[in-house]
Amino acid sequence: MSSIYRTLSRGVLRDIALACLAVWVIGLSYGAIAVASGFPVWFPAAQSTLVVAGASEFLFIGIVAAGGNPLAAALAGLLVNARHLPYGLALPDITGPDMTGPDMTGPDMTGPDMTGPDITGPDITGPDLTGPDMTGPAVTGTGPAVTGPAVTGRAWRRMVGTHVMNDESVVFALAQDDLPAKRAAYWACGLGVLVCWPGGAVLGALIGSAVHDTGAFGLDAMFPAVILALIVPDLRDRMTLRAALAGAAVALAATPFLPAGLPVLLALVAVLPLLRQRPSAVTAQAGATAKSGAAPEADGKAGEESVGAG
Amino acid sequence: MKDTTLVVAGMATLAAGTYAFRLSGQLLRARISFPPRAGKLLEAAAVILLAALVATTALTEGHGFSGFARPAGVLVGGVLAWRKAPFLVVVIAAAATAGLLRLLGVR
């Protein structure tokens, strides 16, 4: 974890903390809504931990509470969550096994590079402390100390890294300039959400009856506002903005007629003009490539300023 | 909750399916050789999906209109975000606007 602090600027870390705080607050409302809808406290706790995708969980709760079939509610939730597939495609290799990621989960397994041999190196965790006496053999005894943890470490990292893929972690990852920063932002935000979302949900469920009418506090406006604030830096790109507006219009137009969740997916048709536009506009592309060199930096700064600066 | 077993089955389906989505994108990416332009397009696709999510969660409730208070709150939040206001200010302003409007009787 200490490497996260080295890789990310303090501004980005603060933004991530604020995003997690917002998630926690939304989790409060989610837990409260779930309990108010007749679910037992354990339900939002379990769902928020196992699904970790706010919009689909709200949707699930809403459909089931309205008398809908839970399996239909699950399918609607899956439609909303289908966006995680393009997320996985868009992300650089963050959870993959080919980079053993000394920058990330380093200390316990592979990370002498980042966390520094002087701190967690062989001297401290090595034979001196845990080695010959008592705990050493008991802990590492089942397998070779070197290869065992490394393999399970990768599998674990892949599993957890996949589970912490969410709107916020993806946005923060994409907003960073280079791969180590992307990876650090992804993990910091992903793990933060994994803690804050269920944490808020549980507390909200426990408080439960206190906030009966979430509408009265405008809590229902928070979720779209959070997502909107997170994509604003991307929307400063005119082409993306146009496509996003078109997609939003399509989704809104389809909402009265299609089952919940489908309209959001249908918005993807707004990608099609982008597909056609790029190859034809050769001159524009030259400009675009010239711009794209500077774009990530500007993007990152925009993200830093808009998402945080609290 | 009427039928706990069925509701838990629904939740498990949602959880497993969501995990499958999260995993399959990454696995596909490893197999497909990936031009940077496609990466840009996918990034745009993600933004489009999120924008649609914003629009639908802000403006609709079920199959109908959500009322004015919520989208007004989101709009205030959006304007503040565009003007680079701090994140927490954006979120709280959105909630406060919607809450205040409802307090004033706007639905």
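Residues numbered from 1 in each chain as written. Chains lettered and ligands numbered in written order. Predicted model: local features only at pLDDT ≥ 70, side-chain atom pairs only at ≥ 80, totals over all residues.

A tally of helices and strands in chain A yields 18 helices and zero strands. Of all 310 residues assigned to chain A, the portion counted as buried reaches 50%. Excluding contacts between residues fewer than 6 apart, the proportion of contacts in chain A whose partners are at least 24 apart in sequence is 74%. (Helix = DSSP H or I, 4+ residues; strand = E, 2+ residues; numbered from the N terminus. Buried ≥ 20, exposed ≤ 12 C-beta atoms within 10 Å, placed from the backbone. Contact = placed C-beta atoms within 7 Å.)

Further remarks concern the overall build of chain B. Within chain B, the secondary structure is distributed over four helices and two strands. Each helix (α) and strand (β) of chain B, taken in turn from the N terminus, gives the series α-α-β-β-α-α. Relative to its 107 residues, chain B shows a buried fraction of 51%. Partitioning the contacts of chain B with sequence separation of at least 6, the portion at a separation of at least 24 is 41%.

What follows concerns the interface of chain A and chain B. Each partner contributes residues to the interface: chain A has 83 residues there, and chain B has 64 residues. The leading source of residues in the side of chain A that touches chain B is helix α14 (residues 222–235) of chain A, at eleven residues. For the side of chain A that touches chain B, the per-class residue count stands at 57 nonpolar, 19 polar and seven charged. (Nonpolar A, V, L, I, M, F, W, Y, C, P; charged D, E, K, R; others polar.)

The next point concerns the confidence of the model for chain B. Residue and element names in this part refer to chain B. On average, chain B scores 87 in pLDDT, and the residues at 70 or more come to 92%. Taken element by element, chain B is modelled with least confidence in helix α2 (residues 36–59), mean pLDDT 81, and with most confidence in helix α3 (residues 69–82), mean pLDDT 95. Confidence metrics for the complex model read pTM 0.60 and ipTM 0.80. (pLDDT = per-residue confidence, 0-100.)

Moving on to the nonpolar core. By size, the foremost hydrophobic cluster in this structure holds 120 residues, and its most contacted members are Ala185(A), Met222(A), Ile48(B) and Ala94(B). The element that contributes the greatest number of residues to this core is helix α2 (residues 10–36) of chain A, accounting for 16 residues. (Core = buried A, V, L, I, M, F, W, Y, C linked by C-beta atoms within 7 Å.)

In this model helix α15 (residues 238–254) of chain A runs 24 Å from its N-terminal to its C-terminal C-alpha over 17 residues, within 8% of the 24 Å that 1.5 Å per residue would give. Turning to α15(A), its buried residues number three or more, namely Thr240(A), Ala243(A), Ala244(A), Ala246(A), Gly247(A), Ala248(A), Val250(A) and Ala251(A). (Expected span 1.5 Å × (residues − 1).)

Topologically, Asp234(A) is positioned in helix α14. By C-beta crowding, Asp234(A) is classed as buried, having 23 other C-beta atoms within 10 Å. Excluding residues within four positions of it along the chain, Asp234(A) makes contact with Thr240(A) and Val47(B).

Let's shift gears to unusual backbone geometry. A positive phi angle, near 50°, is found at Val52(A), a position not held by glycine. Its place among the elements puts Val52(A) in the loop between α3 (42–50) and α4 (54–65). Given 25 C-beta atoms within 10 Å, Val52(A) falls into the buried group. Even without being glycine, Lys84(B) reaches a positive phi, approximately 65°. Turning to its location among the elements, Lys84(B) is positioned in the loop between α3 and α4 (87–103). Among the residues examined, Lys84(B) registers 16 C-beta atoms within 10 Å and is labelled partly exposed.

This next bit is on the packing of α14(A) against α4(B). Close contact between α14(A) and α4(B) brings their axes to 8 Å; oriented N to C, the two are set at 150°. With respect to each other, α14(A) and α4(B) are oriented roughly antiparallel. Regarding α14(A) and α4(B), the two cross each other, and that crossing is right-handed. On α4(B), the residues that touch Met222(A), Ala225(A), Val226(A) and Ala229(A) of α14(A) are Phe87(B), Val90(B), Val91(B), Ala94(B) and Ala95(B). Of the residues belonging to the contact of α14(A) with α4(B), the class tally is nine nonpolar, no polar and no charged. (Axes fitted to C-alpha atoms, helices over the stretch in contact; angles between N-to-C directions. Parallel < 35°, antiparallel > 145°, perpendicular 65-115°, else oblique. Left-handed = near helix turned anticlockwise from the far one by under 90°.)

All names here are of chain A. One way to put it is that α2 packs onto α4 with a least axis distance of 10 Å and a crossing angle of 15°. Between α2 and α4, the interaxial angle falls into the category roughly parallel. For the crossing formed where α2 meets α4, the hand is left-handed. Of α4, the residues touching α2 (which contributes Ile 26, Tyr 30, Ile 33 and Ala 34) are Gly 54, Glu 57, Phe 58 and Ile 61. By residue class, the composition of the contact of α2 with α4 is six nonpolar, one polar and one charged.

The next subject is the confidence of the model for chain A. Residues and elements named next belong to chain A. With 65% of its residues at a pLDDT of 70 or more, chain A shows a mean pLDDT of 71. For the stretch residues 97–150, pLDDT sits under 50, and the model shows 60 contacts to residues farther than four places along the chain or on other chains. Every residue in residues 280–310 is under pLDDT 50, and counting partners more than four places away or in other chains gives 38 contacts.

With that settled, the discussion passes to the environment of Val195(A). By the element assignment, Val195(A) lies in helix α13 (residues 179–207). In sequence terms Val195(A) and Ser48(A) are 147 residues apart; their C-alpha atoms lie 9.7 Å from each other.

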